Amino acid sequence: MAALPEPDVLPEPELGALSERLAATRLVTLTGPGGIGKSRLAARLAESTRCTGAPVHRVDFSGCPDAALVPYTVAAELHTAPAPGTDPVRAVLDLLADSRGLLVLDTCEHVLTGCAYLVGRLHDSCPGLRILTTSRRPLGVPDEDRVEVPPLPRDRTAGLLQEHAASYGVELPGCWAGRLAGQLDGDPLSTLLAARSLRQLTARQLHAALGAPGGRFAVLTDGPGDPARHRTLLQAVEWSHELCSRAERLLWAQLSAFTGEFTAEQVRTVFPDGSSLASLVSSSVVHARGDGTYRLPLAHREYGKLRLAGLGDGLG
């Protein structure tokens, strides 16, 4: 059976709300952990904007190896090449100076300084241009409106899992969809990978594997080829880990000792150097809840446990 198109992850009302915020602020950054749906939501907004007749430019920085190359990457998307010896940022500014369209900069977290500088200049120099960026951490430029893409609720995760499974010819009973959804933590990438794994595993086998130490990294491995960082859940988590400082990585591993929610006071009490908590929240590694507590998403917690136990030497 041929695979059906992947179902949309985020409901339409969120798309409308995002469009309104972008119209009001002109600069929005979608943040959240890898696989949460930032790029998909940005692509949907770009398509809806394009349907209005407004010009849309989308730049994917996944393959950009250095922050210094950011303006050249954008210029290439705009089908221009700065002359030798000229300022590439100036060339981009000149092209977009009178634009009243949308510029989408996708996957900015590993070239953050280059994106922040360019976006700051564009925001100041191109008053009609709206800018939407996706990044695991905010750019930190003036007037940036950060929008965190939240995990899916459990019932939506279960429904999405059934939809994905059906597209691969697997009929997943609702009772098993609900049980598996509790282990997938509202993560669309994990949900997609879990559905793909159901082509080889029964629901019972998958449930057991997800509950075993390190099990989710062993079975959630059959992702699509693009983007490469989403081919496996482990690669998605490693991408975030590699962007962290040494202190952030250490605290990430230490926080995995908490079995559920925790407070900033508990972190300061248990770990003498817990000052990196705020930066882990900003980097979408730790989730800040509305009640003042924090939690590690299940994939991050499990990865941290492997690091903490000394089992993660081969995990990047």
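Anything mentioned here points back to the structure above.
Note that the structure is a prediction, hence the values are computed from the model and not measured.

### A word on the overall build of the protein chain
Right, so step 1: Looking only at helices and strands, the protein chain has 15 helices and seven strands in total.
Right, so step 2: A compact globule built from 316 residues would reach a C-alpha radius of gyration of about 20 Å, and the protein chain, at 20 Å, matches this within 12%.
Right, so step 3: Its C-alpha atoms put the protein chain at 55 × 55 × 35 Å along the principal axes.
Right, so step 4: Per-residue burial over the protein chain gives 53% buried out of 316 residues.
Right, so step 5: Here the contacts in the protein chain between residues at least 6 apart in sequence split such that 70% fall between residues at least 24 apart.
Right, so step 6: For the protein chain, the distance from the average position of its 31 positive side-chain charges to the average position of its 35 negative side-chain charges is 4 Å.

### Focus on helix α11 (residues 233-243)
Right, so step 1: For α11, a buried count of eight out of eleven residues is recorded, marking the element as mostly surrounded by other parts of the structure.
Right, so step 2: Those residues of α11 not exposed but buried are Leu-233, Leu-234, Ala-236, Val-237, Glu-238, Trp-239, Ser-240 and His-241.
Right, so step 3: The inward-facing, buried residues of α11 contact α8 (188-197), α10 (215-219), α12 (246-255) and α15 (298-308).

### So, the nonpolar core
Right, so step 1: Among the nonpolar cores identified, the biggest contains 46 residues, and Leu-172, Leu-255, Leu-277 and Val-286 are the most heavily contacted of them.
Right, so step 2: Residues contacting Leu-255, with those up to four places away along its chain left out, are Phe-262, Val-267, Phe-271, Leu-277, Leu-280, Val-286 and Leu-296.
Right, so step 3: The next biggest cluster of nonpolar side chains, apart from the first, holds 27 residues, and it includes Phe-61, Val-74, Val-92 and Leu-105.

### Regarding the sheet that holds strand β3 (residues 102-106)
Right, so step 1: Taken together, five strands build an open sheet; the order of strands is β2-β3-β4-β1-β5 and the sheet is parallel. Each of the sheet's edge strands pairs with one partner strand only, and the pair in question is β2 (56-60) and β5 (145-148). The sheet shows a mean angle of 15° between the axes of neighbouring strands, direction not considered.
Right, so step 2: The pairing of β2 with β3 spans five bridges and is parallel.

### Regarding empty space enclosed by the protein
Right, so step 1: If you walk through the whole model with that rule in mind, you get two cavities of 30 Å³ or more.
Right, so step 2: Approximately 280 Å³ is the volume attributed to the largest cavity.
Right, so step 3: Lining the largest cavity are 25 residues, and of these Pro-33, Ile-36, Asp-187, Pro-297 and His-300 sit closest to its centre.
Right, so step 4: Breaking the lining of the largest cavity down by element, the ones donating at least two residues are α7 (174-184), α11 and α15.
Right, so step 5: Of the pockets and cavities examined, the second largest cavity occupies roughly 40 Å³.
Right, so step 6: A breakdown of the residues in the lining of the second largest cavity according to their chemical character gives three nonpolar, two polar and two charged.

### Focus: the state of the cysteines
Right, so step 1: Under the counting rule described, the total for this entry stands at zero disulfides.
Right, so step 2: No disulfide involves Cys-115; its nearest neighbouring cysteine sulfur is the one of Cys-108, lying 3.6 Å away.

### A look at the layout of surface pockets
Right, so step 1: One number sums up the size of the largest pocket: a volume of about 650 Å³.
Right, so step 2: Ser-39, Arg-40, Asp-226, Pro-227 and His-230 are, among the 28 residues lining the largest pocket, the residues nearest its centre.
Right, so step 3: At the level of elements, α2 (38-50), β2, α6 (154-167) and α8 are the ones that each hand at least two residues to the lining of the largest pocket.
Right, so step 4: Partitioning the lining of the largest pocket into residue classes produces nine nonpolar, eight polar and eleven charged.
Right, so step 5: Approximately 180 Å³ is the volume attributed to the second largest pocket.
Right, so step 6: Where the lining of the second largest pocket is concerned, the elements lending two or more residues are α12 and α15.
Right, so step 7: Among the elements that make up the lining of the second largest pocket, the one with the highest residue count is α12 (four residues).
Right, so step 8: Class assignment for the residues of the lining of the second largest pocket results in three nonpolar, one polar and three charged.

### Notes on the pattern of salt bridges
Right, so step 1: Summed over the entire model, instances satisfying the criterion amount to twelve salt bridges.
Right, so step 2: Ionic pairing is found between Glu-109 and Arg-136, a salt bridge with its closest N-O pair at 3.4 Å. With Glu-109 in the loop between β3 and α5 (112-125) and Arg-136 in the loop between β4 (130-134) and β5, the pair connects residues that are 27 residues apart, well separated along the chain. Take Glu-109 and Arg-136: they sit in the same class, and that class is buried.
Right, so step 3: Glu-302 is the salt-bridge partner of Arg-216, the closest N and O atoms lying 3.2 Å from each other. Of the two residues, Arg-216 sits in helix α10 while Glu-302 sits in helix α15, which places them 86 residues apart along the sequence.

### As for the packing of aromatic side chains
Right, so step 1: Counted by the stated rule, this structure contains five aromatic pairs.
Right, so step 2: Seen from their ring centres, Phe-258 and Phe-262 are 4.7 Å apart, and the 20° between their planes marks the pair as stacked.
Right, so step 3: Since its relative accessible area comes to 15%, Phe-258 is described here as buried.
Right, so step 4: Taken together, the ring pairs in this structure connect Phe-258, Phe-262, Phe-271 and Tyr-294 into an aromatic cluster.
Right, so step 5: Positioned above the aromatic ring of Tyr-168 is the side chain of Arg-199, whose terminal nitrogen or guanidinium carbon lies 5.1 Å from the ring centre.
Right, so step 6: Over the aromatic face of Trp-239 sits the side chain of Arg-229, whose NZ or CZ is 5.6 Å from the ring centroid.

Thresholds applied
Going along each chain's sequence as written, the residues are numbered from 1 onward. It should be noted that, the model being predicted, local features are given only for residues of pLDDT at least 70 and side-chain atom pairs only at 80 or more, the latter also being counted only at that level, while totals for whole chains, interfaces and linings use all residues. Where side-chain values are given, they derive from all heavy atoms of the structure, hydrogens and water being excluded. Secondary structure is summarised from DSSP: a helix means a run of H or I of at least four residues, a strand means a run of E of at least two, and numbering begins at the N terminus for each. The globule rule is 2.2 Å times the number of residues to the power 0.38, and the radius of gyration it is compared with is taken over C-alpha atoms. A 1.4 Å probe rolled over the protein chains alone gives each residue an accessible area, and that area as a share of the maximum for its type sets the label: buried under 20%, exposed over 50%, partly exposed in between. Residues count as neighbours in contact if any of their non-hydrogen atoms are within 4.5 Å of one another. Counted as positive: Lys and Arg. Counted as negative: Asp and Glu, with His and the chain ends omitted from the count. Throughout, a charge is located at the NZ atom of Lys, the CZ atom of Arg, the CG atom of Asp or the CD atom of Glu. Side-chain atoms within 4.5 Å link the members of a nonpolar core, which is a set of buried Ala, Val, Leu, Ile, Met, Phe, Trp, Tyr and Cys residues. Criterion used throughout: strands pair if DSSP finds at least two bridges between them. Angular values range over 0 to 180 degrees, each being the angle between N-to-C directions of two axes fitted as lines to C-alpha atoms, with helices fitted over their stretch in contact. Detection works on a 1 Å grid of protein atoms alone, calling trapped sets that fit a 1.4 Å probe cavities and calling open sets with protein on both sides within 12 Å along at least five of seven lines pockets, with lining residues defined by an atom within 4 Å of a point. Grid points are joined across faces, edges and corners, and a volume is the space filled by probe spheres set on the points. When residue character is reported, Ala, Val, Leu, Ile, Met, Phe, Trp, Tyr, Cys and Pro are called nonpolar, Asp, Glu, Lys and Arg charged, and the others, Gly included, polar. What counts as a disulfide here is a pair of cysteine sulfur atoms lying within 2.5 Å. For salt bridges, the criterion is a side-chain nitrogen of Lys or Arg within 4 Å of an Asp or Glu carboxyl oxygen. Stacked, edge-to-face and tilted are the three classes for Phe, Tyr and Trp ring pairs, Trp counted by its six-membered ring, which pair at centre distances within 6.5 Å; planes under 30 degrees apart are stacked, over 60 edge-to-face, the rest tilted. Geometrically, a lysine NZ or arginine CZ counts as sitting over a ring once it is within 6 Å of the ring centre and also within 35 degrees of the ring normal.

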